[in-house]
Amino acid sequence: MSGVLLWVVSPKENATSLLGLMPRIGNPKRSKFCSRLSFSPGILAYSGAVAHPSRSSEERVYEVVLKQAALVREQRRPKEKALDFGEGVESSDGMTNWDLLNEAYDRCGEVCAEYAKTFYLGTLLMTPERRRAVWAIYVWCRRTDELVDGPNASYITPKALDRWEKRLTDLFDGRPYDMYDAALSDTVAKYPVDIQPFKDMVEGMRLDLRKSRYQNFDELYLYCYYVAGTVGLMSVPVMGISPESKASTETVYNAALALGIANQLTNILRDVGEDARRGRVYLPQDELAQAGLSDDDIFRGKVTDKWQSFMKDQIKRARMFFDEAEKGVAELNSASRWPVWASLLLYRQILDAIEANGYDNFTKRAYVGKAKKLVSLPIAYGRAIIGPSKLTKPLVAR
Ligand SMILES: CC(C)=CCC/C(C)=C/CC/C(C)=C/CC/C(C)=C/[C@@H]1[C@@H](COP(=O)(O)OP(=O)(O)O)[C@]1(C)CC/C=C(\C)CC/C=C(\C)CCC=C(C)C
Ligand SMILES: [Mn+2]
């Protein structure tokens, strides 16, 4: 994928390869969610709106959620931007554009299979159309993350991210740069996917370049939305909501957002030691201080009573986001539920693994073993059979 870097990195920042080839006020649901976050005294108190008299991160993110939900309701299909993959035009090697597009999607599938095997297996249950669209989104996310986390991360500047974003707008306008972009370009033309979550993910990568401390949970929440909540918002329009669902579109998007946030909080809790070795502390500074801890304690990496108690609260909060996410999975199209349940159950078990490690996330990496993974798959399947509740819920037109 040296093409990506040739394009993203300026000639001076020469590099070679990437990825191988190369709530809301006025919204009862959100208010309920926030009140759940603040049920516990101490660090879990959700103080965003108080600490920031303007708008809290959750309010800002919720505006994006509403916009995405509205787009799906309208089933917006920007056909005018769709690429013309007419079957007739042959290239010199005899391949039609149609063949090239199919190959592009296949390549996305190969990247997925290599980097996220379980997730890839889950997607095989989806319809072929949806499956390849999710692969295309996955590959774009993976490449975006690789820009700041991959082997060439030290060459990446804010300007390089601007170029990556320009490339994103081009592909949304039907002008893909390479094969992977072509697959995503086709996907966003076929499904009501908006560009905002993609741009927001790039913004998250910009944050990673310039920020290594988060003062409070409000700041961290925004970061988690940028790098992970966005994935939920990108995926739902492709995965689809069950025709039997009586839940409002906003409810489903909130759940999707919550799953992304839960996953990223889990990532952060798992990687405390690894991040500290790179000079990064994602944990909210005010909550550390309230627990009598500081960056120095993290760099020292000693598991103390204070650390254990702090971690218990952090894990509790991550689980709340998983609980919030659970409420929406049943509303998805039946074929999409299994991979989502599988990813939710597997990721949540990382929190159990941190507990099992005695909260030593400085020197031990929490992971879910093969056996536990295997057991989770039929459990996920069992849950996926359960569709939307037949009970009438407050109906918002969809
Ligand atoms: C209603 C409902 C619950 C719907 C489900 C919506 C849905 C599919 C949500 C997906 C949530 C999800 C998997 C979020 C990804 C979160 C994540 C782990 C983000 C990582 C960011 C950066 O992390 P960091 O650098 O700290 O850590 P690493 O060491 O690099 O891991 C990411 C790496 C960003 C890039 C994200 C991806 C590559 C994953 C993209 C995944 C998809 C597009 C497919 C999602 C579909 C399913 C079925 C899980
Ligand atoms: Mn990463």
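Keep in mind that what you see is a predicted model, and the values were worked out from it rather than measured.

J.: I would appreciate a short explanation of the overall build of the protein chain in the present structure.
T.: Summing up its helical and strand segments, the protein chain has 18 helices and 0 strands in all. Residues classed as buried in the protein chain amount to 42% of the 398 residues present.

J.: Hey, could you run me through the site of ligand 1 in this one?
T.: What surrounds ligand 1 is a group of 30 residues, the closest being Ala228, Val231, Gly232, Ala256 and Gly328. Counting only elements with at least two residues in the shell around ligand 1, the list comes to α6 (117-123), α7 (128-149), α11 (217-239), α12 (249-270), α16 (305-329) and α17 (334-356). The leading source of residues in the shell around ligand 1 is α12, at 8 residues. For the shell around ligand 1, the class distribution of residues is 18 nonpolar, 9 polar and 3 charged. Mapped onto the domain boundaries, the shell around ligand 1 takes at least three residues apiece from domain 1 (1-22 + 78-191) and domain 2 (38-76 + 196-398).

J.: Please explain the domain arrangement of the protein chain as it appears in this structure.
T.: It is common to give the size of an interface as the accessible area that goes away when the parts come together. The domain boundaries assigned to the protein chain delineate domain 1 (1-22 + 78-191) and domain 2 (38-76 + 196-398). Contacts between the two partners involve 23 residues from domain 1, matched on the other side by 24 residues from domain 2. Counted by class, the side of domain 1 that touches domain 2 contains 15 nonpolar, 6 polar and 2 charged residues.

J.: Would you mind going over the nonpolar core with me for this structure?
T.: Soluble, globular proteins show a tendency: their nonpolar side chains are buried together. Ranked by internal contacts, the top residues of the largest apolar core, which has 99 residues, are Cys108, Ala136 and Ile261. Built from parts of two domains, this core gets at least three residues from each of domain 1 (1-22 + 78-191) and domain 2 (38-76 + 196-398). Beyond its immediate sequence surroundings of up to four residues, Ile261 is in contact with Tyr221, Cys224, Tyr225, Ala228, Gly229 and Phe321.

J.: What should I look at first to understand the confidence of the model for the protein chain in this one?
T.: Residues shown with low pLDDT carry predicted positions that ought not to be read at fine detail. Per-residue pLDDT for the protein chain averages 84, and the proportion of residues at 70 or more is 79%. A low-confidence stretch, residues 1-7 (pLDDT under 50), is modelled with 20 contacts involving residues beyond four sequence positions or located in other chains. This stretch, residues 394-398, has a pLDDT under 50; its non-local contacts, to residues over four places away or in other chains, come to 9 contacts. Here the complex is predicted with pTM 0.86, and the ipTM for its interfaces comes to 0.96.

J.: Could you clarify how one ought to interpret the environment of Trp307 in this entry?
T.: Of note, Trp307 is situated in helix α16. Here Trp307 falls in the buried class, since 23 other C-beta atoms lie within 10 Å of it. As a C-alpha pair, Trp307 and Ala291 span 16 residues in sequence and 8.0 Å in three-dimensional space. Apart from residues no more than four positions distant in its own chain, Trp307 is found in contact with Leu293, Asp297 and Tyr359.

J.: What should I look at first to understand the packing of helix α4 (residues 57-74) against α12 in this one?
T.: A pair of packed helices is captured by two measures, namely the crossing angle of their axes and the spacing between those axes. Viewed as axis vectors pointing N to C, α4 and α12 meet at an angle of 130°, and their least axial separation amounts to 9 Å. Viewed along their axes, α4 and α12 adopt a mutual orientation that is oblique. Viewed along their axes, α4 and α12 form a crossing whose handedness is right-handed. Facing α4, whose interface residues are Val61, Val65, Leu66, Gln68, Ala69, Val72 and Arg73, α12 presents Thr249, Glu250, Tyr253, Asn254 and Leu257. Split into classes, the residues belonging to the contact of α4 with α12 amount to 7 nonpolar, 3 polar and 2 charged.

J.: Quick question: what am I supposed to make of the packing of α4 against α11 here?
T.: For the pair α4 and α11, interaxial distance at closest approach is 10 Å and the crossing angle is 10°. With respect to α11, the axis of α4 lies roughly parallel. For the pair α4 and α11, the contacting residues are Ser57, Glu58, Val61, Val64, Val65, Gln68 and Val72 in the first and Asp218, Tyr221, Leu222, Tyr225, Gly229, Leu233 and Pro237 in the second. For the contact of α4 with α11, a count of residues per class yields 9 nonpolar, 3 polar and 2 charged.

J.: What am I meant to see in the environment of Lys211 here?
T.: Its location among the elements puts Lys211 in the loop between α10 (196-210) and α11. Sequence separation between Lys211 and Asp313 is 102 residues; the distance between their C-alpha atoms is 24 Å.

J.: When you look at the environment of Leu288 in this model, what are you seeing that I'm missing?
T.: Tracing the backbone through its elements, the reader meets Leu288 in helix α14 (residues 285-290). C-beta crowding within 10 Å serves as the criterion here: with 19 such atoms nearby, Leu288 is assigned to the partly exposed category. Placed 24 residues apart in sequence, Leu288 and Lys312 show a C-alpha to C-alpha distance of 13 Å. Once residues lying within four places of it in the same chain are set aside, the contact partners of Leu288 are Leu283, Leu293 and Ser294.

J.: Just to check I follow, could you spell out helix α5 (residues 97-115) for this structure?
T.: In an α-helix, one full turn covers 3.6 residues, which means residues spaced three or four apart are oriented alike. With 19 residues, α5 should cover 27 Å at 1.5 Å per step; its first-to-last C-alpha distance of 27 Å lies within 8% of that length. Among the residues of α5, Ala104, Tyr105, Cys108, Gly109, Val111 and Cys112 are the ones counted as buried. For α5, the angular spread of the buried residues around the axis is 160°, confining them to a single face. The secondary structure elements touched by the buried residues of α5 are α6, α7 and α9 (179-190).

Criteria and cut-off values
- Residues numbered from 1 in each chain as written.
- Chains lettered and ligands numbered in written order.
- Predicted model: local features only at pLDDT ≥ 70, side-chain atom pairs only at ≥ 80, totals over all residues.
- Helix = DSSP H or I, 4+ residues; strand = E, 2+ residues; numbered from the N terminus.
- Buried ≥ 20, exposed ≤ 12 C-beta atoms within 10 Å, placed from the backbone.
- Near = placed C-beta within 6 Å.
- Nonpolar A, V, L, I, M, F, W, Y, C, P; charged D, E, K, R; others polar.
- Domains from an automatic or database assignment.
- Contact = placed C-beta atoms within 7 Å.
- Core = buried A, V, L, I, M, F, W, Y, C linked by C-beta atoms within 7 Å.
- pLDDT = per-residue confidence, 0-100.
- Axes fitted to C-alpha atoms, helices over the stretch in contact; angles between N-to-C directions.
- Parallel < 35°, antiparallel > 145°, perpendicular 65-115°, else oblique.
- Left-handed = near helix turned anticlockwise from the far one by under 90°.
- Expected span 1.5 Å × (residues − 1).
- Arc of directions from axis to C-beta.

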